[in-house]
Amino acid sequence: MFIHISITEIFNRALLNILVLVLTGNPGVGKHTVSRKLAEILGYEIVDVNKEAVKVGTAKQNDSIDVDVEKTKKMLKEKISEKSLIVGHLAPFVVSKELISMAIVLRKNPYDLIQIYEKRNYSDSKKNDNLGSEILGVIAYDSIEKFGEEKTFQINTTSLTVEEITKKIEGIINGTSKGDAVDWLADITKKNDLRKFFPD
Ligand SMILES: Nc1ncnc2c1ncn2[C@@H]1O[C@H](COP(=O)(O)OP(=O)(O)O)[C@@H](O)[C@H]1O
Ligand SMILES: [Mg+2]
């Protein structure tokens, strides 16, 4: 007996069923907001890296946790299914390349990001660390190192609504978009704001 199934159909099924997505980026870029929308639209189940890390991590006195990378890796491996949307800035360190289809790195203009950090009452050092990371594209770099250039896509979320960001992600998933090129360092250098973001 033959079952007739077209190549397109196979690809569509592959896209719909076996698509494990990583959504990463610095704190405040919109990961959790966007992931809720994506989960709603695509029916994905959110796997929150921070929450899993907390379960196996060690609480520190200053309200943060020491992440046990090996334990978190193991925990996540068991949690990830073909319907997973893995969310978190630590994703490149605790998720294996073979487990995922693509990684999307959300980026946000540092001038907007600083306002989010102020609202969150981040300390100066936490603010500067995360702004520096965003400006230099550290998480995008980590994602490329870990998941490969072919699996890593960036989105500039600056001034976009959650719906617009979700549309862009769908474009990347269905192969019609390669994402955005982002270079905040060039932007802040042009504006003579290097010292504002990298005080000594
Ligand atoms: N597209 C957007 N437009 C405007 N505000 C947004 C957008 N996405 C997220 N926000 C707001 O920005 C802040 C950070 O978003 P959040 O999803 O918590 O980021 P993350 O999970 O990356 O830390 C929140 O206050 C959220 O309401
Ligand atoms: Mg968050």
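Preceding block: the structure.
Residues numbered from 1 in each chain as written. Chains lettered and ligands numbered in written order. Predicted model: local features only at pLDDT ≥ 70, side-chain atom pairs only at ≥ 80, totals over all residues. Heavy atoms only, no water.

> Quick question: what am I supposed to make of the packing of aromatic side chains here?
How two aromatic rings sit relative to each other is given by the distance of their centres and the angle of their planes. Considering all chains together, one arrives at two aromatic pairs under this definition. Seen in terms of ring centroids, Tyr111 and Phe197 are 5.2 Å apart; in terms of plane orientation they differ by 85°. Their pairing is edge-to-face. Within this pair, whereas Tyr111 is found in helix H6 (residues 110-119), its partner Phe197 is found in helix H11 (residues 194-197), the two being separated by 86 residues in sequence. With respect to burial, Tyr111 and Phe197 carry one shared label: buried. Considering the side-chain rings of Tyr117 and Tyr122, the 4.8 Å spacing of their centres and the 20° angle between planes classify their relative orientation as stacked. Take Tyr117: its relative accessible area is 0%, and that puts it in the buried class. (Phe/Tyr/Trp six-rings, centres within 6.5 Å; stacked < 30°, edge-to-face > 60°. Helix = DSSP H or I, 4+ residues; strand = E, 2+ residues; numbered from the N terminus. Buried < 20%, exposed > 50% of the residue type's maximum accessible area, 1.4 Å probe, protein only.)

> Is there a simple way to explain the site of ligand 1 in this structure?
Inspection of the region around ligand 1 gives 14 residues, with Gly28, Lys31, His32, Thr33 and Leu160 positioned closest. In the model, an oxygen atom of ligand 1 is placed 2.8 Å from a nitrogen or oxygen of the Gly28 main chain. Interatomic distance of 2.5 Å between a side-chain N/O atom of Thr33 and an oxygen atom of ligand 1. Protein chains shield 64% of the accessible area of ligand 1, which is 560 Å² for the free molecule. For the shell around ligand 1, the secondary structure elements donating two or more residues are helix H2 (31-42) and helix H9 (162-173). Among the elements that line the shell around ligand 1, the one with the most residues is H2, at three residues. (Near = heavy atom within 4 Å. Polar contact = N/O pair within 3.5 Å; in protein donor to acceptor, adjacent residues only side chain to side chain. Areas by Shrake-Rupley, 256 points an atom, 1.4 Å probe, with all protein chains shown as cover.)

> Help me out: how do you make sense of the pattern of salt bridges in this one?
For side chains of opposite charge, pairing can occur when their charged atoms come near one another. Scanning all chains against the criterion turns up ten salt bridges. Close ionic contact of Lys79 with Glu52 constitutes a salt bridge, the shortest N to O distance being 3.5 Å. Within this pair, whereas Lys79 is found in helix H4 (residues 69-79), its partner Glu52 is found in helix H3 (residues 49-56), the two being separated by 27 residues in sequence. Exposure remark for Glu52: the relative accessible area of 4% places this residue in the buried category. Here Lys168 and Asp180 are joined by a salt bridge, their closest N and O atoms 2.8 Å apart. Taken together, the residues Lys168 in helix H9 and Asp180 in the loop between H9 and helix H10 (184-190) connect sequence positions twelve residues apart. For Lys168, a relative accessible area of 29% puts it in the partly exposed group. Among the ionic contacts, a cluster of salt bridges with common partners joins Lys37, Glu40 and Glu163. (Salt bridge = Lys/Arg side-chain N within 4 Å of Asp/Glu carboxyl O.)

> Explanation requested: the side chain of Lys31 in the structure shown.
Turning to its location among the elements, Lys31 is positioned in helix H2. In this structure Lys31 is buried but unpaired, with Glu134 as the nearest side chain of opposite charge at 8.5 Å. Those residues in contact with Lys31, other than ones at most four positions away along the chain, are Leu23, Thr24, Gly25, Asn26, Val87, Gly88, His89 and Leu106. (Lys, Arg positive; Asp, Glu negative; His and termini not counted. Contact = heavy atoms within 4.5 Å.)

> Can you help me understand the nonpolar core in this one?
Across soluble globular proteins, nonpolar side chains have a tendency to be buried as a group. In this structure, Leu23, Ile104, Leu106 and Ile169 are the most contacted members of the largest nonpolar core, which totals 29 residues. In this structure, Leu106 is in contact with Leu23, Thr24, Gly25, Val29, Gly30, Lys31, Val34, Glu134, Ile155, Thr157, Ile165 and Ile169, ignoring residues within four places of it in sequence. Counting residues in each nonpolar core, the second largest holds 13 residues, with Val22, Val49, Ala91 and Val94 among its members. (Core = buried A, V, L, I, M, F, W, Y, C linked by side-chain atoms within 4.5 Å.)

> Whenever I open this one, a nonpolar patch on the surface confuses me. Can you help?
On the surface, Leu136, Val138, Leu185 and Leu194 cluster together into a nonpolar patch covering about 300 Å² of accessible area. Relative to the helices and strands, Leu136 is located in helix H7 (residues 124-136). You can call Leu136 exposed: its relative accessible area is 53%. (Patch = residues over 30% accessible without salt bridge, like charges linked within 9 Å, V, L, I, M, F, W, Y side chains within 5 Å.)

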